[in-house]
Amino acid sequence: MNKKKTIFALGALAGVSITYFSLCQRLYNNVLKGHNKSAKTKDETDYSVLDSRRQAGQVWAETTEHAIVYISSFDHLKLAGYQFLNPGSDKWVIIVHGYQSEAKYVFQNGKEFYDRGFNVLIVDCRGHGLSEGDYIGMGWHDRLDVVKWIEHILLRYPSAQIVLYGISMGAATVMMTTGEDLPSNVVCAIEDCGYSNLYDVFADQIKKLYHLPPISVLAGIDCVMRSKAGYSIGEVDTIKQLRKSKTPTLFIHGQEDDFVPFTMVFENYNACAAPKEIITASRAGHALSQTKPYYYLKVFEFIDHYIK
């Protein structure tokens with residue numbers, strides 16, 4: 001009887017384990033799996049001002065000469081970016097899109113920089129758009145990809161003055177990039193609604209979307225992430241990177257953000273070791289601070305302190 005009970009208990013444990021890791025695999029697929037295609041988020045389509053700017057950005061991209069350029073990542077992925085040159089200018093911006101978005105959905109941001117004389121490089125993150133990749137880097141591996149993009153520019157334009165600009169996951173990417181050993185050509189960074197750490201974002205979304213206690217599945221998701229993506233939830237630590245930063249950074253966040261908690265902007269700002277400023281936008285949801293009329297005035301006012 002004892003032997004039968006032991007076998008039964010082991011079988012039950014195995015069944016529970018399989019079910020548990022199947023759930024974690026499903027959550028990983030929903031949260032982290034790369035798609036190479038994506039749609040606009042619901043919040044983005046609710047605001048006519050953003051839609052109007054998006055349409056203008058699309059027209060700009062279609063009517064402005066540009067090239068699709070490529071780099072090879074540290075793990076041998078072919079990554080793509082859209083490059084728009086402003087002849088005679090040494091001002092550059094690297095624009096990094098958000099989670100499950102792609103470069104073509106932030107053309108309107110590129111237009112704003114281009115119209116002010118910048119050369120514009122809008123990159124597709126790994127697992128998005130034209131770039132290769134079976135998983136989403138959540139900014140951790142993407143930070144090394146941005147370093148590669150910086151090297152790509154400087155190899156061809158050694159006098160370039162480079163601004164880093166990112167939204168949401170792209171903002172976290174930019175912040176984590178500033179914690180790397182960057183050349184002096186990188187003059188400043190703009191982050192809009194980036195997270196301070198991945199664990200808390202995942203926990204918040206698991207509660208909201210699946211009504212599960214986060215601690216019950218995060219360990220399993222972390223195991224899947226380690227095996228599938230090669231990094232852990234705990235490694236994606238924006239604050240740790242910001243403490244090493246030497247890049248002047250502007251922090252922006254909407255006060256009504258229900259995806260990346262508003263409080264995270266203060267965690268990021270306080271951690272940053274470099275010169276810094278902060279803007280919080282009232283009545284703005286996730287990635288919607290840019291709908292405010294003062295948004296780009298403040299962005300370029302900050303940049304002008306550091307561009308020669």
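Attention here is on the structure that accompanies the text. (Residues numbered from 1 in each chain as written. Predicted model: local features only at pLDDT ≥ 70, side-chain atom pairs only at ≥ 80, totals over all residues. Heavy atoms only, no water.)

1. Overview of the pairing of strand 2 (residues 78-84)
Then, number 1: The element strand 2 is extensively covered by neighbouring structure, given that six of its seven residues are classed as buried.
Then, number 2: Here six bridges tie strand 1 (residues 67-72) to strand 2, and the two strands are oriented antiparallel to one another. By the bridge assignment for strand 2, Val69 is matched with Gly81.
Then, number 3: With four bridges connecting them, strand 2 and strand 4 (residues 119-123) associate as antiparallel partners. When the bridges of strand 4 are listed, Phe84 appears paired with Val120. (Buried < 20%, exposed > 50% of the residue type's maximum accessible area, 1.4 Å probe, protein only. Helix = DSSP H or I, 4+ residues; strand = E, 2+ residues; numbered from the N terminus. Pairing = 2+ DSSP bridges.)

2. Concerning the sheet that holds strand 1
By definition, the strands of a sheet pair up through backbone hydrogen bonds, in either a parallel or an antiparallel sense.
Then, number 1: Taken together, eight strands build an open sheet; the order of strands is 1-2-4-3-5-6-7-8 and the sheet is mixed. Taken across any chain shown, the strands that pair with only one partner, and hence form the sheet edges, are strand 1 and strand 8 (276-281). On average, adjacent strands in this sheet sit at an angle of 20 degrees to one another, irrespective of strand direction.
Then, number 2: Taken together, the four bridges between strand 6 (residues 186-192) and strand 7 (residues 249-254) define a ladder with parallel strand orientation. Across the sheet, residue Ala189 finds its bridge partner in strand 7, namely Thr249. (Axes fitted to C-alpha atoms, helices over the stretch in contact; angles between N-to-C directions.)

3. Some points on the environment of Asp258
Then, number 1: Turning to its location among the elements, Asp258 is positioned in the loop between strand 7 and helix 10 (264-271).
Then, number 2: A residue is classified by how much of its surface remains accessible, and Asp258, at 47% relative accessible area, is partly exposed.
Then, number 3: For Asp258 and Gly285, which are 27 residues apart along the polypeptide, the C-alpha to C-alpha distance reads 6.7 Å.

4. A short note on the nonpolar core
Then, number 1: Ile94, Ile150, Ile162, Leu164 and Tyr195 are the most contacted members of the largest nonpolar core, which has 46 residues in total.
Then, number 2: Element by element, the count of residues in this core is highest for helix 5 (residues 140-156), at seven residues.
Then, number 3: If sequence neighbours within four positions are ignored, Leu164 has contacts with Ile94, Val146, Ile150, Val174, Thr177, Leu182, Val186, Cys188, Ala189 and Ile190.
Then, number 4: Judged by nonpolar contacts, the second largest core, of 32 residues, contains Phe107, Ile167, Val187 and Phe302. (Core = buried A, V, L, I, M, F, W, Y, C linked by side-chain atoms within 4.5 Å. Contact = heavy atoms within 4.5 Å.)

5. A few points about unusual backbone geometry
Then, number 1: The phi dihedral of Met138 falls on the positive side, at around 55 degrees, and the residue is not glycine.
Then, number 2: Counting through the fold element by element, Met138 comes out in the loop between strand 4 and helix 5.
Then, number 3: Backbone geometry at Ala287 places phi at a positive 65 degrees, although glycine is not the residue there.
Then, number 4: Along the chain, Ala287 falls in the loop between strand 8 and helix 11 (295-303).

6. As for helix 10
Then, number 1: When helix 10 is considered as a whole, its buried residues turn out to be Met264, Val265, Asn268 and Ala271. Axial view of helix 10: buried residues confined to an arc of 135 degrees, hence all on one face.
Then, number 2: Taken together, the buried residues of helix 10 touch helix 6 (169-177), strand 6, helix 7 (198-210), helix 9 (238-242), strand 7 and strand 8. (Arc of directions from axis to C-beta.)

7. Overview of the pattern of salt bridges
If the charged atoms of two oppositely charged side chains come close together, the side chains can form a pair.
Then, number 1: Evaluated as defined, the whole model comprises six salt bridges.
Then, number 2: Note that Arg116 and Glu112 form a salt bridge whose closest N and O atoms lie 2.9 Å from each other.
Then, number 3: You can call Arg116 partly exposed: its relative accessible area is 35%.
Then, number 4: Put simply, Asp75, Arg126 and Asp145 are held in one network by salt bridges that share partners. (Salt bridge = Lys/Arg side-chain N within 4 Å of Asp/Glu carboxyl O.)

8. Notes on the packing of helix 4 (residues 107-114) against helix 11
Then, number 1: Orientation of helix 4 relative to helix 11, taken along the N-to-C sense of each, is 50 degrees, at an axis distance of 12 Å. Taken together, the axes of helix 4 and helix 11 are oblique relative to one another. In this structure, helix 4 crosses over helix 11, and the sense of that crossing is right-handed. From helix 4, Asn109, Glu112 and Phe113 reach across to helix 11, where they touch Tyr296, Val299, Phe300 and Ile303. (Parallel < 35°, antiparallel > 145°, perpendicular 65-115°, else oblique. Left-handed = near helix turned anticlockwise from the far one by under 90°.)

9. Observations regarding the packing of aromatic side chains
Ring pairs (aromatic) are described by centroid distance and by the angle formed between their planes.
Then, number 1: Applying the stated criterion across every chain, the model contains 17 aromatic pairs.
Then, number 2: Both rings, one in Phe302 and one in Tyr306, keep their centres 5.2 Å apart while their planes meet at 55 degrees; by these two values the pair is tilted.
Then, number 3: Since its relative accessible area comes to 1%, Phe302 is described here as buried.
Then, number 4: Joined through ring pairs, the aromatic side chains of Phe113, Phe118, Tyr165, Tyr295, Tyr296 and Phe300 make up one cluster.
Then, number 5: A cation over an aromatic ring shows up here: Lys276 above the ring of Tyr269, its NZ or CZ 4.8 Å from the ring centre. (Phe/Tyr/Trp six-rings, centres within 6.5 Å; stacked < 30°, edge-to-face > 60°. Lys NZ or Arg CZ within 6 Å of the ring centre and 35° of its normal.)

10. Comments concerning the packing of helix 3 (residues 48-63) against helix 4
Then, number 1: Interaxial distance between helix 3 and helix 4 falls to 7 Å at its minimum, and their mutual angle equals 70 degrees. Considering their axes alone, helix 3 and helix 4 lie roughly perpendicular with respect to each other. Judged by the twist between their axes, the crossing of helix 3 over helix 4 is left-handed. For the pair helix 3 and helix 4, contact is made by Leu50, Arg53, Arg54, Ala56, Gly57, Gln58, Trp60 and Ala61 and by Phe107, Gln108, Gly110, Lys111 and Tyr114, respectively.
Then, number 2: Grouping the constituent residues of the contact of helix 3 with helix 4 by class yields six nonpolar, four polar and three charged. (Nonpolar A, V, L, I, M, F, W, Y, C, P; charged D, E, K, R; others polar.)

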